[in-house]
Amino acid sequence: MIYFIGREKFYGVENIILNEIKFFEFNVNLNDFDCLIISSKNSIKALMQSHSTLNFNINLYAVGAKSAQFAKSVGFVNVKYPSCAYGKNLAEEFMCEFKNKRCLYLRAKKISSCIDTYLLNQGINLRQIVAYENVALNPQETIKLKHPAVFIFCAPSSIEQFLKFFTFKKEDKVVVIGQSTASKLKNFKNLYICKKQDLNSCLSLAKSLDV
C-alpha cells in the first residue's frame, strides 16, 4: 500500500489530507522590481488571484522545475530555476543576477530554507511578501493504516502533522522529496530521499519499493 500525504491524486495511491493552503490578500506592482523569486507554485497562485499589477516579462526565479513550469503556464516568459530544488541552491546559483537588483520574494508564512536570510546577508535588495500559509488539518475521518506501507512526503510540515496522529511500523518505508523533509525523520531506518526533487520521481520510487 502506498500513501501520499497530500491532495494530488494518483492511481493506486491512497491520500491522507492533513493540510490546506490559505492564500493571503496583497497588492504589489511587479514593475517596481527586477527579479521575482517564488518558493512554490502556490506563490504564483496567490499572485494571480491578488489585485497586483503583473509583468510577465520580469525575471522569475523558481525553487524547482515544477514551479518554473507552472509559472510559464500562466504566462511568465523569463523563468529560471537551480540545478537542485533547494532555496540555498537558488540563492547561490543566481547570486550574481540578484546583485544590484530590486528583488521580490513571494513566500510561505513558514519556510524550511533560509533563502531570505542568506540573500539579505549578501546585501541583496530584497522585499518579502508572505503570500500563503500551509494550514494544518486534523484527519476528516478515522484512517486505519495498512502495514507494511510506503509513505510519500513532500514537505517537512506534512511529516510533523502526520506524526501527531499516526506512527510508523518498522517494516514501513518512507519516501521524501528532499533533504529538508528528510531531516524530520533522522532516526527512521527505511528512509529514501528522491534523487530528483519532484513528485513524479517520488511516486516512481515509492512504487519500486512497494513489493
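The name recorded for the chain in an unreviewed UniProt entry is Uroporphyrinogen-III synthase, from Campylobacter insulaenigrae. As recorded by UniProt, the Catalytic activity (unreviewed entry) comment attached to the chain reads in full: "hydroxymethylbilane = uroporphyrinogen III + H2O". The record in UniProt for the chain states the following under Pathway (unreviewed entry): "Porphyrin-containing compound metabolism; protoporphyrin-IX biosynthesis; coproporphyrinogen-III from 5-aminolevulinate: step 3/4."

Caption draft 1: Local environment of the state of the cysteines. Scanning all chains against the criterion turns up 0 disulfides. Free of any disulfide, Cys-103 has its nearest neighbouring cysteine sulfur in Cys-35, separated by 4.1 Å. Overall, the relative accessible area of 1% leaves Cys-103 in the buried class.

Caption draft 2: Here's a closer look at the pattern of salt bridges. Summed over all chains, the structure comprises 7 salt bridges. For Glu-133, the salt bridge identified is with Lys-109, shortest N-O distance 3.8 Å. Of this pair, Glu-133 sits in strand 8 (residues 125-136) while Lys-109 is found in the loop between strand 7 (102-108) and helix 5 (115-121), placing the two residues 24 residues apart along the sequence. Notably, a salt bridge pairs Lys-184 with Glu-160, separated by 2.7 Å at the nearest N-O pair. With Lys-184 in the loop between helix 7 (179-182) and strand 11 (191-193) and Glu-160 in helix 6 (residues 156-162), this pair connects stretches of sequence that are 24 residues apart. Judged by its relative accessible area of 38%, Lys-184 is partly exposed.

Caption draft 3: Structural detail: the sheet that holds strand 4 (residues 35-38). Reading across the sheet, the 6 strands line up as 3-8-7-4-5-6 and stay open at both edges, with mixed pairing between neighbours. The sheet is open, and its two edges are formed by strand 3 (19-23) and strand 6 (79-80), each paired on a single side. Strand direction decides the pairing type here: strand 5 (residues 59-62) and strand 6, joined by 2 bridges, are parallel. Following the sheet pairing, Tyr-61 is matched in strand 6 by Lys-80. The sheet contacts of helix 1 (residues 41-48) involve strand 3, strand 4, strand 5, strand 7 and strand 8, and relative to strand 3 the element is tilted by about 40°.

The rules we used
- Residues numbered from 1 in each chain as written.
- Predicted model: local features only at pLDDT ≥ 70, side-chain atom pairs only at ≥ 80, totals over all residues.
- Heavy atoms only, no water.
- UniProt positions renumbered as here; feature names shortened; annotations may be inferred.
- Disulfide = S-S within 2.5 Å.
- Buried < 20%, exposed > 50% of the residue type's maximum accessible area, 1.4 Å probe, protein only.
- Salt bridge = Lys/Arg side-chain N within 4 Å of Asp/Glu carboxyl O.
- Helix = DSSP H or I, 4+ residues; strand = E, 2+ residues; numbered from the N terminus.
- Pairing = 2+ DSSP bridges.
- Contact = heavy atoms within 4.5 Å.
- Axes fitted to C-alpha atoms, helices over the stretch in contact; angles between N-to-C directions.

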